[in-house]
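Observations on the model geometry
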Amino acid sequence: MAFLLSLAVESEGILMDKICVEDGYSRAISLREEAETLQKDLQAAHRRLHDKSTTKREWLGWLKGATAEKAESRRLQETAEDIRSRCDAFVVVGIGGSYLGAKAAENMFLSPFHNEQADPSQNTPRIYWAGHHLGGQYLTRLLKRLDEQEVAVNVISKSGTTTEPALSFHILEDYLIKRYGKEEASRRIVVTTDPEKGLLKKMAREKNYPSFSIPTDVGGRYSILTPVGLFPMAVMGIDIEAFKKGAEDAFCEYEKEGLSVNQTWRYAAFRHLWYRRGKKIEALVHYDPRLYFFGKWAQQLFGESEGKEEKGLFPVPLQYTTDLHSMGQYLQEGKRHLIETALWLEEAEDEPRIKEDLTEDDELYYLAGKTWKDVNEKAAIGTRQAHSEGGVPSIFIRIPSLTPYYFGALSAFFMKSCALSGYLLGVNPFDQPGVEAYKKQMFRLLKKPGYTI
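Summary of the structure given here. No experiment lies behind these values; they were computed from the predicted model shown. (Residues numbered from 1 in each chain as written. Predicted model: local features only at pLDDT ≥ 70, side-chain atom pairs only at ≥ 80, totals over all residues. Heavy atoms only, no water.)

This brings us to the overall build of the chain. Counting secondary structure elements, the chain contains 16 helices and 11 strands. Within the chain, buried positions represent 53% of all 453 residues. Across the chain, the fraction of contacts at a sequence separation of at least 24, relative to all contacts at a separation of at least 6, is 76%. Surface summary for the chain: the accessible area is close to 21300 Å², and the carbon and sulfur share equals 51%. (Helix = DSSP H or I, 4+ residues; strand = E, 2+ residues; numbered from the N terminus. Buried < 20%, exposed > 50% of the residue type's maximum accessible area, 1.4 Å probe, protein only. Contact = heavy atoms within 4.5 Å. Areas by Shrake-Rupley, 256 points an atom, 1.4 Å probe, with all protein chains shown as cover.)

Right, let's get into the pattern of salt bridges. Evaluation of the coordinates by the stated rule reveals 26 salt bridges. Among the ionic pairs, Asp 249 bridges to Lys 245, the shortest N-O distance being 2.8 Å. Of this pair, Asp 249 and Lys 245 both sit in helix H10 (residues 240-253), 4 residues apart, roughly one helical turn. Classification of Asp 249 as buried rests on a relative accessible area of 5%. With relative accessibility at 34%, the residue Lys 245 sits in the partly exposed group. Within this structure, Asp 82, Arg 86, Glu 150, Glu 184, Arg 187 and Arg 188 form a network of salt bridges that share partners. (Salt bridge = Lys/Arg side-chain N within 4 Å of Asp/Glu carboxyl O.)

For helix H12 (residues 292-306), which comprises 15 residues, the first-to-last C-alpha distance of 21 Å matches the rise-based estimate of 21 Å (1.5 Å per residue) to within 8%. Looking only at H12, the buried set comprises Phe 293, Phe 294, Gly 295, Trp 297, Ala 298, Gln 300, Leu 301, Phe 302, Ser 305 and Glu 306. Taken together, the buried residues of H12 touch helix H4 (100-109), helix H11 (263-276), strand E8 (281-286), strand E9 (314-319), strand E10 (338-345) and helix H15 (404-425). (Expected span 1.5 Å × (residues − 1).)

Turning next to empty space enclosed by the protein. Left-over empty space is what a probe sized like a water molecule reveals as it rolls over the atoms. A complete count under the given rule lists 2 cavities of 30 Å³ or more for this structure. Estimates place the volume of the largest cavity at around 60 Å³. Forming the walls of the largest cavity are Leu 284, Val 285, His 286, Phe 294, Gly 295, Ala 298, Thr 341, Leu 343 and Phe 414. Those elements that provide at least two residues to the lining of the largest cavity are E8, H12 and E10. (1 Å grid on protein atoms, 1.4 Å probe; cavity = no way out; pocket = protein on both sides within 12 Å on 5 of 7 lines; lining within 4 Å. Points joined across faces, edges and corners; volume = space filled by probe spheres on them.)

The next subject is unusual backbone geometry. Here Tyr 320 and Thr 321 are connected by a cis peptide whose omega angle stands at 5°. Here Thr 321 shows up in the loop between E9 and helix H13 (328-333). Of note, the phi angle at Asn 208 is positive, near 60°, even though the residue is not glycine. Notably, Glu 310 is not glycine yet its phi reads approximately 60°, a positive angle. When you line up the elements, Glu 310 lands in the loop between H12 and E9. Its relative accessible area of 83% is what places Glu 310 among the exposed residues.

Written out as C-alpha cells, the structure reads:
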C-alpha cells in the first residue's frame, strides 16, 4: 500500500501541495478514510503550533522561517564572500543539528569530487568537517591536509560546551593562532552561537571573532534556516535566498487546515496510523545519492523529536538501490514492523545514456537507449511493488528538482510534519532529555567537576 505526496510549483513560484493515493495497493482507501478520523487531533496540533497566545513558545522560532534582520543577513553574505575570496579550505565544526543541515546542502549541490577539483573561478573553497565525532586520528590527518591551504573555520554550538565540537575547535583555534598569529586568526574564525550568553559568545567578544546568532527560540535540529545552515551554505556558493524563499512559501502553504489541503497533515497522519497498527521503524529511503545526508538530517529530526516515553517510530535512512543489496532481504521477508518513506527526484541532470547499439550478445541489451533515470525509476517502482506484496507499507514523496528552493521547501515540510507527528504521539517534539543521559555518565567517568562517581 502506497501514498503519493507530490510537491509542485505554479508559474508564479508559490509552492503547492498535492497528495493522492496510488491505485493497485490493497487497503489504501480504507487507511485514507481512517486518516480522516485524525482531523480533530491534527487541527489541535496545528493550532497549538500557530497559536500566538500560548505562553510556552520557547522552541517555535523555526516556524517564522529565516528571520534574520537585514543587517545580519547582509553581514553573513559579506563574511561568506570574504572567506570564498581568500581561503582554499573552509572547516565547519559542529555535531547533530549544528552540522547536518549544512552537510545535506553540500551533499546536494556540490560535486562529490568538489574537494579534488574545486573550481577557482567560482571562489568556492574545499569543505571539511570537524567536531562531529571523537575520532582523534581524523583530526590529526585533517590538520595535515590544511597545512597546504589557506584556512577559515566556522564553529557552531549554541552552548559552546558540547564536547565533540568544543574539543575540535580547541585544537583548530590553537592551530590557526600558531600558524597565522592572533590578529589574522581572528579574521579566519567565525562563531555561530547563542546571541547573548555562553562560552563561544564570550570568546567571540573577547577575541573579536565575527559571530552570528542562533535564535533562542530555535532548537538545534530545527535550526537549518538560521545561520547554522545559512552561513556554511553561503560559503559553499549556494543560493540561500532561494533556499529561504522555498521554506517561506512552504510554511505559508502549510498554514492551511485540513487533510485535503495540507500535505504535512497527511504525512503525519499516515505515519501515526501505521505506528498505531504496530509499526516500529520508518525506513527513510532515497534513490539519489545527493539525498543521503538529507536522510541523516531527517533521522535526527524525527529521532530526537519523537523518541520519548517509549514511543515513536525509529527512523533509519537507506540509500536505494545500494542498500537493497544489504538490507533488501530483511525488508522483503524480515519482521513486519516497518514502513517505507521514499524520496523520489523527478528531474535528472547530466545522466549518461546507455548505448543504442547493444546486441543480444550483450547481457544488458534490454537496456539499450535508456537513461540511468529510466533504470532507476523502474527499480523504484519494482521495489515498491515487491515490498508492498511483502507487507511493507510505503509513502512516496516526489520532488520536482533538486534546487535550493526545493531544499528549503522540503526542509519546511519535514519540520512541520515532525512537529505535528510529535503532538499526535503526545510528546514534546522540541526537547531531548534523553540525550543528556550518556553525557552525564561520560562526564562522571571523565571526572568532570560536578559529576560524582
